[in-house]
Amino acid sequence: MRLIARAAAAVVAAAVLPALALPAGAAAKPKLPKGTITASVVKVVDGDTLDVRRAGKTLRVRLLEVDTPERGQCWFSAATARTKALLPVGKAVYLLRDKDPKDRYGRWLYYAFNAKGVHVNRNLVRYGYGKAVLYAPNDRYISVMRAEQAKAKKDRLRIWSGRCDKPGGTTPTPTPTPTNTTKPSGVDPRYRTCGDANAAGYGPYRRGVDAEYAWYQDRDGDGVVCER
């Protein structure tokens, strides 16, 4: 009987060990394109540039097929904040190269996917944080990027809004209500009112789609807040 009990205990231990092998809070690797490599985020320089750590070396990475505003331009801070939200320092980033590995400045050229599998380059273009730009011959996603840019322009999001998110920028102009029904990973800044959110280029938010919906009052009960 003792031998049987010991054997049973060994079987239970073997079943438990694999579960214990994963650190608490560890997440499974998301579904990614073939050929991605793993690095960790060291610093987000701006909306389309970051430093990563891989194999003991720090690399300067330029995101492919997206160009975000430069320092001093409208929406620079917003684009940088979005990339920081999508790629938190210390977290994993999955990088995918195209044809040319570096640009003329020596920066590594990659498409980036975050720990949840979000395609960061595409996300920035879709939500108006940057323009779709072809860096020939790196053209793997350019058709997709241009299609996403067309949606952002149609919705007049951020850089396409006719607004500036900093003092002294362009005078706000009326914009149509965006029709996008999907939301990028992460949330927008929390403003005191919908008017403040709209003035900064954010909104609308939809019930059951956007986490920000719960922050504001849906006065007409139509399931949308912060309409513009």
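Scoring rules and cut-offs
Residues numbered from 1 in each chain as written. Predicted model: local features only at pLDDT ≥ 70, side-chain atom pairs only at ≥ 80, totals over all residues. Heavy atoms only, no water. Core = buried A, V, L, I, M, F, W, Y, C linked by side-chain atoms within 4.5 Å. Buried < 20%, exposed > 50% of the residue type's maximum accessible area, 1.4 Å probe, protein only. Helix = DSSP H or I, 4+ residues; strand = E, 2+ residues; numbered from the N terminus. Contact = heavy atoms within 4.5 Å. Pairing = 2+ DSSP bridges. Disulfide = S-S within 2.5 Å. Expected span 1.5 Å × (residues − 1). Arc of directions from axis to C-beta. Axes fitted to C-alpha atoms, helices over the stretch in contact; angles between N-to-C directions.

Quick notes on the nonpolar core
Inference 1: Ranked by internal contacts, the top residues of the largest apolar core, which has 43 residues, are V52, L63, L87, V93 and L95.
Inference 2: Breaking this core down by element, the ones donating at least two residues are β1 (37–46), β2 (49–54), β3 (57–63), α2 (76–86), β5 (92–96), β6 (108–113), α3 (120–126) and α4 (142–155).
Inference 3: No other element matches the five residues that β6 contributes to this core.
Inference 4: Beyond its immediate sequence surroundings of up to four residues, L87 is in contact with V41, V44, L50, V93, A112, N114 and V120.

With respect to the pairing of β5
Within a regular strand, the side chains alternate between the two sheet faces.
Inference 1: With respect to burial, β5 is a largely interior element, four of its five residues being buried.
Inference 2: For β1 and β5, the ladder comprises four bridges, and the chain directions are antiparallel. Paired with A39 across the strands is V93, a residue of β5.
Inference 3: Here three bridges tie β5 to β6, and the two strands are oriented antiparallel to one another.

Some points on the state of the cysteines
Formally, a disulfide is one covalent bond, and it connects the sulfur atom of one cysteine to the sulfur atom of another.
Inference 1: Following the criterion strictly, the structure yields two disulfides and no others.
Inference 2: One disulfide in the model links C74 with C164; its S-S distance is 2.0 Å. Between C74 and C164 the sulfur-sulfur dihedral comes to about -100 degrees; the bridge is accordingly left-handed. Here C74, found in the loop between β4 (66–67) and α2, pairs with C164, found in the loop between α4 and α5 (194–199); they are 90 residues apart in sequence, far enough to count as distant.
Inference 3: The exposure class of C164 is buried, given its relative accessible area of 9%.

Description of α4
Owing to its 3.6 residues per turn, the α-helix brings residues three or four apart onto one side.
Inference 1: Between its first and last C-alpha, α4 extends 20 Å over 14 residues, near the 20 Å set by a 1.5 Å rise per residue.
Inference 2: Among the residues making up α4, those that are buried are I142, M145, E148, Q149, A152 and D155. Mapping the buried residues of α4 onto a view down its axis gives an arc of 140 degrees, with all of them on the same face. Exposed side chains of α4 directed beyond 90 degrees from the buried face belong to S143 and K154.
Inference 3: In this fold, the buried residues of α4 make contact with α3 and β7 (131–132).
Inference 4: Immediately downstream of α4, the backbone of R156 shows phi near 55 degrees, a positive value.

Observations concerning the sheet that holds β5
Inference 1: The sheet built from five strands closes into a barrel, its strands ordered β1-β2-β3-β6-β5 with mixed pairing. The average undirected angle you get between the axes of adjacent strands in this sheet is 55 degrees.
Inference 2: Where β3 meets β6, three bridges bridge the pair, whose relative direction is parallel. Bridging from a neighbouring strand, V61 pairs with W108 of β6.

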